[in-house]
Every structure is written in structure tokens, then in C-alpha cells.
Number of protein chains: 2
Amino acid sequence: MAQTAEQIDDGIDTDLYLASVQDALEQDDVDTVNQLVEGLHAADKADIINQLSPQERELFTHMLSAEQFDHAILPELHPDVAEQVMEILGPDVCAEALSQLETDDAVQLIEEWDEEEQQDLLRAVTAQQRSEITESLSYPEDSAGRLMTRKLVCVPHYWTVGNTIDYLRAHQDLPENFYVVYVTDPKFHPVGRIPLGRIMQSSRDVLISDLSTSENYTVNTDTDQEDVAHLFTKYALVETAVVNQEGRLVGTITVDDVVHVIHEEEGEDYLRAGGVKSQDISISVQQTVKQRFPWLFINLLTAVLASVVIGAYADTIEQFVALAVLMPIVASMGGNAGTQSVTVAVRALATRQLRGGRALYAIKKELIIGLLNGLLLAMLMSFGAFLLYQDGMLAVIFGAATILTMTIAGFSGAAIPLLLQRLGVDPAVSSGVFVTTVTDVIGFLSFLGLAALLLL
Amino acid sequence: MAQTAEQIDDGIDTDLYLASVQDALEQDDVDTVNQLVEGLHAADKADIINQLSPQERELFTHMLSAEQFDHAILPELHPDVAEQVMEILGPDVCAEALSQLETDDAVQLIEEWDEEEQQDLLRAVTAQQRSEITESLSYPEDSAGRLMTRKLVCVPHYWTVGNTIDYLRAHQDLPENFYVVYVTDPKFHPVGRIPLGRIMQSSRDVLISDLSTSENYTVNTDTDQEDVAHLFTKYALVETAVVNQEGRLVGTITVDDVVHVIHEEEGEDYLRAGGVKSQDISISVQQTVKQRFPWLFINLLTAVLASVVIGAYADTIEQFVALAVLMPIVASMGGNAGTQSVTVAVRALATRQLRGGRALYAIKKELIIGLLNGLLLAMLMSFGAFLLYQDGMLAVIFGAATILTMTIAGFSGAAIPLLLQRLGVDPAVSSGVFVTTVTDVIGFLSFLGLAALLLL
């Protein structure tokens, strides 16, 4: 495996790899495929599956599952791909695979299925796992309760380092990865935490209570995973305790699970801003068309709205065709300025930088920035329009409409995401449409309206 | 500190907090400010500083630095804010603060300064730190060499668990956080790694070589930080070894540093796609206007290009003013379809999902999706246009131009980011402009061109 880092470094080996797998699949050559993926890390196998076409993926999954299916692949797959692969594997192989996964990974896969299928799968796993998974599923979606693992290491505060080390040596059923030992009171409330390194550096007779730090970044089972990710990022945590409503320690979340959350949440905002529902590179053309159509349709309605405005001034345009030539520029500048403001506002909201009094400050600031950039660009644009059409009034109207549109773009670019957030609507998804609708309508209306008023 | 998680959970306490600080600043009330921030985690203090206006920030920094300035605040600040705060603090206080930071944090701050200022600062720190920082700065920007810390725990393979624990107890100058013990050969090449938990669970006589896993996710000092982040995310790592060009172990990178990288890199792509250079909520209006103007100017040029196309058909529009009303819809639908394709392609490139043969597959797929969504929407749009204008030929031209534009939008939305990546240009920054330029020009050209050909 020493070459993995190299592969990632230049990205070439993996390409060749993928190509070889695809060739072998095309020739239905089971032996070569098995040889190729043998010894690969589950994440690498998942990476290959993610990148295959749906048809290739089906072939590949069948070949992999002819032997023992590597259960660790499943949590690494893109959710949509995992669904397809699990359908191909069938409920028996899935249940077998799930029973070998840690509960948090199993839950992450199961939660994508509908209730009936979930019941089928749960019937096939062990009683203990069933109760653990059912409990996890009882927590809200995307909550700390779903992310956490139940296995953790906790000791009472009156123990010594020696007691702790002896306990760890005697209990081999501890979590695969743990970085923190929690200190609890008799009621199982967490009262402190000790990084493993500190325990290892202390002699056997040191008291746990002397090592324990009271910095206590505890989250609740119901805490949203985005808030958990924010906590990990802000305080550079590696592991945190999860408590239930009574404040008892019920699980821990480790950073490896949170890294995925950060990666996904941030990626989601990016995709949504571009009008895409999910990272649909792995799903079929039909599914993609279906997923993207509604967004395009909404945008069609806003485009029609803008064109209604233009239609109202058809007579004016007929007399001054220059208006038709210049009007898309006004709308386009407004749209771009608005998008800049929306981007900053949505990002600031996602990173918790726009709270309380900062909101009004941000709206005012964006309005001023829109106005200033509008003034600068309007001077250039008016000058250009005057050179082209030798019409002073037209040039002035062109500039004035630009300034007005860009100022409103700045204002609405900040105000609309804030308003949507207040209303409980995800600003990352819909702010863009609203803002460009506003800038299109204001752009066309101000330019054509002023022209109708002053040029005729 | 037990309430920190609560604060984050509902976000209300922090608002009140910030408001209280702002009130105290306005009244120049040093005592209240000090009382408010006393005992706060450095990340929380940094959070407050990030959210203050530049004027408030200056006041606040002066108040904080009247007492001993908490050096741990600096690495937590937004880079632009850190620059402002360090200027306020002055070189002496900065050097004092830097000398107390870990090398990776100090480097992260220093690298933002220009060479002369760097030299001034370096003269003020200790000789050892100077040499460490200088070495770090010799690695490329955004490389593993700049992210890593030099302090690490490594042991020879022939040691036992007992030897290792004794060594750890005897050496108290080890890194603050470490999760892995590295195993090295006599030439200091890493040959294995052991998670701390495994060592603690083993008895003193167990051989290190029996615990060591050969999974070796080693990165090179020159590896780009984005590749490091990708490695951590993919294999759920907590710590990784960094080797120099000779393959010797020279440092480690822990996940807390990588979480920041993931957060920033993903955020950057989002901001760039929206035409914003940095998360400029913390910088002044003048700076923001300066940063955003170039993007708007580039977009003005592309809007002018589109309007040149319209200008070429001014005569046609004069005769059929319906063209002016409908043409923005064609361009807008092309722009939205293109943005969807760009978003997916840029995201897929960033997450390494478009390699080798997948690139051509993706372009073909996006073209087909553009065509299919184009067909669906064109039917609706042609029908609407026919109802409005009772002109069959106009409706057909409207639909045909939409289909053509959306197909080309899909194609160029995938092809342009891939091409830019090949050319070594960051596709996240510039793909959007190129694609909307293409869709605007094709949209206006096809609609007006067909109209000139068929309606006159």
C-alpha cells in the first residue's frame, strides 16, 4: 500500500488502474478483475465503483460478490451509488455486510432506504445490532445521535493512570479508534477528558483527576451534524462526547466521521448554488435529467417574468432598437453583482459569521459596495454607449439604470439570504434565483422605463 | 466552558455576547471588555474579532494587548483579519506572540507578509524557531511541508511497548497532540505506524514490530495541501507522516490542521464560483470594491460581446420586436443549464472523480442531458410563444434555438472546466464566465440568426 500516496500525488496510476478494470470488465474477465482489486483499500475499491458507469458497476459488483463481498466498501460509496450496489447485492448479502460494520456506518447506509426495506434488513442482523441501529434511527436525521458510536472509553475520576492502563489491557472489545479517555461521575455524566498521549506520558500512580481537563465540548444526541462539524473545526477537536437529554454519556464522535460531514455539507452548498441537487456524476442520464429539470423550470418562470417586463415596453424598443442591444448588459451586470453578494452572504451564514447585529451591517455594506461598483462601471458603460450611438440621453439612462440595478443587487444579495434563513428556508438553495429575478426585473424595468419616459 | 456547545447549538448566547462586547467598545469600557472575554477559548475570542467592524477591531485589539496578548488568537483569525490585527499589534508584540506558537501556526501567519516584514519578525524570535520557520517557508506555498509540525514520536522497530511507554514518560517535550507512534528504520525511513490506543491496550513485553501496521499513507514535503486533505478524507486518517525527498521522516500532519484546509479549500471553490476572491465579510468596503471590480469588469466584456451579436441583428429586431422580448429567455435557459454542468464538472474535478476515460464520458453525458432538458423545455416554451404571438414559425425558431443552446451549454459546461484543468488554470475560478459567454453568444446568435433567415 506504500504507493497509495504516490498515486494520489500525481493521479496517473489510478487512471491506469481504472482503465484496466474497465477493460477487464468489458471482456468479462473475472480473474483479472479480482487480481486488480486484490489487496486494495476499501476506499480505493469504492472509488473505482463510484467512477464506473451504471452498467459497468453492475458487472463489477457481481464479480466482487462472487467471492466474499468486502463490507467496508459500502460506507465509502457515494450514497446514490451505495443504493444501486445494495440493490444488486440483495438483502441477504447486505444484511451480512451490515452486521460487520460499526453501527454508525450501518445506520448511514440504512437510513437511505424506505421503512419496509429497513425492516427486511434489520430482521437479518443480530438482536444487539438491531437494537443499536433502531436506537440510532430514532434520532433526527443528520444529528449527532446518528453520527456517534456507542463504544467508548470512560473511567471514574478517582482512578489512577495505572488502573486505566490495566483496564484498557483487560478489555479488548474497545472501539477501533479512540483518542480520548472520558472521565465520568457516578451518574455517568462526563466531567472531563484526557487525550491518550497525556495518559501515556504519565506514571502509573498519577491520579486521573489530576490529568483531566474540564474543557468539555459535549454535544447532545439531537445536535445537528453541521453544528458538530462547526465545533470540531472551531476548536480543532479529534473526538467529542455525546450526551442524551439527561446529560449522560451515550457515545462519541470521532473526527474521521466529521471530516466526511464537512466535505459533504460544504460540497452541497456549492452544488445547490449551481442548481444541482446532488453530485450526480455517478447516476444515470434519466435520473440526472429528472433532478435538474425542476431547477431549469423555475428559472424559466423567472426568465418569463423578466420578458413580461420587456414586452410591456415593446413599443419603445421598436422606436429605439439600441435599447434591445444594451438592455442585456444592464441585467447581466446586476445579476453578477447580485451573485457576488449572495455568495458572500450564504457563505457567511454557513460559517456563522452573520449573527445578530452583523446582519444589518452586512446589508448596508453590500448596498454601498453595489452602489460604488455601479458608479465605476456605469461611467465606463455610458462612455461606451455614447461613442456608439452619439446619444447623450441614452448614455445617461444606460448608466443610471446600471447604478440603480447594481445597488439593489447588493442590497437584495445580502437581504434575501438573511430573510430566507429567518424563514427557515435553506439560503444556499434558493437565494440565487430570487436575487437574479430581482436584478433582471429591476434591470429591464429601470432601463426601459427611463427610456420610455425620457427618450420618447 | 461547559456552555460552549450550548452556545453553538442555538447561536443565541454568542449573539448577546458579541452585542455586549460591541456596547462596551462603544463606551470605551476596558474593564467590561476584559471581564467579558476573560476565560474564553482563543477560538471564541478570534470569532468575536472576525465579526467586528474594522474600527471596533482596532479598539478591541488595543484593549486586549494592554494586558498580555493571547497569542493563540492569531492562528484562529481569518487571514485578512490577522493581517490587520498584527499591524495594530506591531512587530514586537507579534514576534513575542509568534515565538509562543507551534511552528506550523507561526508559518501560516508569517507567509502572508511580504519578505521585508518577514525578516523583521524573524529577527525577533529565537534562533531555533527562526531556523524552523525559515525551513518551512522554503517549501512551496500550500504544501505539506508548511502544514507539518516537526515534533513527532518515533521508535525503532525492535523496541517493546514497555520501552515506548518509558520513553514517552521520560520525554515531556513531545507534541501537544499526537495520536500515532511511527516506527522507523536506522536510516529514519518510516516503516510502520501504531495508533496510541493499540499501544495502551498491549502489555509491556509486546514487540513494537508486532503492533506496527504497514499501511503507510506517507506524504512528501512538496505534496499539495489539497492532496493531503484528499488523503485524510478518503482514508479517514487522524495523523500522517511527512517525508523529505530522501524518504526520511521529517514531520507529521494532524487532522486538526487538515480540517481547516478542507474547510477553506471547499469554501474557496464556492466563493470563486460566485465571482468573489475571498470571504470578504471582515474587510473594509474599499477593499471589497477593489476585489470585486475586476470580476465585474470581465463580465462586462462578455456582456458586451453578447450585445455585439444582438447589435448585428438590430434590423431584424426592429421588424419583429417579439424577438427582443423572447431572446433573453433563450440565453437565460442556456446559462442555467451551462451553470449546472459547470457545477457538477468543477466539483467532480475537485473530488477527483473525473480522471482519464471518465472525462469523455462526462462530456458526452452532459451534452445528452442538455439536449434532453432542452427538448422538454423547448416544447413548453414554443407552445407558450405560439399562444402569445400566434406565429408558428417564430415558435419553432424559439424552440430550436433553445434546444441548440442548451445542448451546447451541456457540452461546454463539462468540456471547458476539463480543458482549463488540463491547461493548468483553476477551473473553479473561470469556468463560469467562459461557459456563460458561450451560452449567451450561441443563444442570441441562434435565435436571431434563425429569425433573420426564416422570418424575413
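Everything numeric in this text was worked out from a predicted model, so none of it was measured.

Draft legend 1. Representation of the overall build of chain A in the model. Along chain A, the regular secondary structure elements total 21 helices and 6 strands. Against the compact-globule benchmark of 23 Å for 456 residues, chain A has a radius of gyration of 29 Å, which places it well outside the compact range. Dimensions along the principal axes, computed over C-alpha positions, put chain A at roughly 90 × 60 × 45 Å. Per-residue burial over chain A gives 58% buried out of 456 residues. For chain A, the exposed area adds up to about 18,600 Å²; of that, 55% sits on carbon and sulfur atoms. Considering chain A, the positive charge centre built from 25 side chains and the negative charge centre built from 64 side chains are found 12 Å apart.

Draft legend 2. A look at the interface of chain B and chain A. With 129 residues of chain B at the contact, the number on the chain A side is 129 residues. Carbon and sulfur atoms supply 65% of the area buried between chain B and chain A, which totals about 11,700 Å² over both sides. By the criterion of area lost to chain A, the three top residues of chain B are B:M200, B:Q201 and B:Y270, representing 8% of everything that side buries. Summed over the shared surface of chain B and chain A, the number is 6 salt bridges. The shortest N-O distance in the salt bridge between A:R292 and B:E366 comes to 2.8 Å. In this assembly, chain B and chain A are joined by 18 residue pairs in polar contact (both at pLDDT 80 or more). Among the elements that line the side of chain B that touches chain A, the one with the most residues is helix α18 (residues 322–350) of chain B, at 17 residues.

Draft legend 3. Region of interest: the packing of aromatic side chains. All names here are of chain A. Applying the stated criterion across every chain, the model contains 7 aromatic pairs over all chains. Judged by centre distance (6.1 Å) and plane angle (20 degrees), the ring pair of F293 and F297 falls under stacked. Highlighted residues: F293 and F297, both in helix α16 (residues 285–312), separated by 4 residues, approximately one helical turn. Take F293: its relative accessible area is 21%, and that puts it in the partly exposed class.

Draft legend 4. Representation of the pattern of salt bridges in the model. Taken as a whole and judged by the stated rule, the model has 16 salt bridges over all chains. For the salt bridge of B:D426 with B:R272, the shortest nitrogen-to-oxygen distance reads 2.5 Å. With B:D426 in the loop between α20 (392–422) and α21 (427–454) and B:R272 in helix α15 (residues 255–273), this residue pair connects regions lying 154 residues apart in the sequence. Exposure remark for B:D426: the relative accessible area of 32% places this residue in the partly exposed category. In the salt-bridge network here, residues are joined through shared partners; they are A:D44, A:D47 and B:K234.

Draft legend 5. Just the domain arrangement of chain A, in detail. Assigned domains of chain A: these are domain 1 (4–138), domain 2 (154–273) and domain 3 (284–454). When each unit is reduced to the centre of its C-alpha atoms, the spacing between domain 1 of chain A and domain 3 of chain A is 46 Å.

Draft legend 6. A look at unusual backbone geometry. The backbone of A:Q390 sits at a positive phi, close to 50 degrees, despite the residue not being glycine. In this fold, A:Q390 is placed in the loop between α19 (358–389) and α20 (392–422). The exposed category is assigned to A:Q390, whose relative accessible area is 59%. The phi dihedral of B:A236 falls on the positive side, at around 50 degrees, and the residue is not glycine. Residue placement: B:A236 occurs in the loop between α14 (225–235) and β5 (239–243).

Draft legend 7. Up close: α19(A). With 32 residues, α19(A) should cover 46 Å at 1.5 Å per step; its first-to-last C-alpha distance of 45 Å lies within 8% of that length. Positioned one or two residues after α19(A), A:Q390 has a phi angle of 50 degrees, which is positive.

Draft legend 8. Looking closely at a nonpolar patch on the surface. All names here are of chain A. Residues L367, I368, L371, L372, L375 and F411 make up a contiguous nonpolar surface patch of about 430 Å² in total accessible area. Here the element with the most residues in the nonpolar patch is α19; it accounts for 5 residues. Within the secondary structure layout, L371 lies in helix α19. Residue classification places L371 among the partly exposed positions, given a relative accessible area of 32%.

Draft legend 9. Quick peek at the relation of the copies chain B and chain A. You can overlay chain B on chain A at an RMSD of 0.1 Å; the transform is a turn of 180 degrees with a shift of 0.0 Å along its axis. Considering both components of the superposition, the chain copies are consistent with a two-fold axis. By residue overlap, the copies meet face to face through one surface: 100% of the interface positions of chain B are interface positions in chain A.

Draft legend 10. Spotlight on the nonpolar core. Formed by 73 residues in total, the largest nonpolar core has its most connected members in A:F447 and B:F447. Look past the residues within four positions of A:F447 in its chain and what remains in contact with it is A:L323, A:L326, A:M327, A:V330, A:L394, A:I397, A:F398 and A:A401. Residues A:M148, A:F232, A:A241 and B:V261 belong to the second largest nonpolar core, which totals 56 residues.

Draft legend 11. Molecular detail of helix α6 (residues 79–99) of chain B. All names here are of chain B. Here α6 contains 21 residues, and its C-alpha end-to-end distance of 19 Å is more than 12% below the 30 Å for a straight helix at 1.5 Å per residue. Burial in α6 covers these residues: V81, A82, V85, M86, I88, L89, G90, C94, A95, A97 and L98. Next to the buried residues of α6 lie α4 (42–51), α5 (54–66), α7 (103–110), α8 (115–124) and α9 (127–138).

Draft legend 12. Fine view of the packing of α5(B) against α6(B). All names here are of chain B. Two elements in contact, α5 and α6, have axes separated by 10 Å at closest approach and are oriented at 50 degrees. One element, α5, and the other, α6, form an angle in the oblique class. As α5 runs across α6, the sense of the crossing is right-handed. On α6, the residues that touch P54, R57, E58, T61, H62 and S65 of α5 are V81, Q84, V85, I88 and L89.

Draft legend 13. Region of the structure containing the pairing of strand β2 (residues 180–184) of chain A. All names here are of chain A. Buried residues dominate β2, accounting for 5 of its 5 residues. Neither face of β2 is exposed, since V180, Y182 and T184 on one face and V181 and V183 on the opposite face are all buried. Bridge count for strand β1 (residues 154–156) against β2 is 3 bridges, and the pairing is parallel. Directly across from V155, in β2, lies its bridge partner V183.

Definitions and cut-offs
Residues numbered from 1 in each chain as written. Chains lettered and ligands numbered in written order. Predicted model: local features only at pLDDT ≥ 70, side-chain atom pairs only at ≥ 80, totals over all residues. Heavy atoms only, no water. Helix = DSSP H or I, 4+ residues; strand = E, 2+ residues; numbered from the N terminus. Rg over C-alpha atoms; globule rule 2.2 N^0.38 Å. Buried < 20%, exposed > 50% of the residue type's maximum accessible area, 1.4 Å probe, protein only. Areas by Shrake-Rupley, 256 points an atom, 1.4 Å probe, with all protein chains shown as cover. Lys, Arg positive; Asp, Glu negative; His and termini not counted. Charge placed at Lys NZ, Arg CZ, Asp CG, Glu CD. Contact = heavy atoms within 4.5 Å. Buried area = accessible area lost by both parts, 1.4 Å probe. Salt bridge = Lys/Arg side-chain N within 4 Å of Asp/Glu carboxyl O. Polar contact = N/O pair within 3.5 Å; in protein donor to acceptor, adjacent residues only side chain to side chain. Phe/Tyr/Trp six-rings, centres within 6.5 Å; stacked < 30°, edge-to-face > 60°. Domains from an automatic or database assignment. Expected span 1.5 Å × (residues − 1). Patch = residues over 30% accessible without salt bridge, like charges linked within 9 Å, V, L, I, M, F, W, Y side chains within 5 Å. Least-squares fit on C-alpha atoms with pLDDT ≥ 70 in both. Core = buried A, V, L, I, M, F, W, Y, C linked by side-chain atoms within 4.5 Å. Axes fitted to C-alpha atoms, helices over the stretch in contact; angles between N-to-C directions. Parallel < 35°, antiparallel > 145°, perpendicular 65-115°, else oblique. Left-handed = near helix turned anticlockwise from the far one by under 90°. Pairing = 2+ DSSP bridges.

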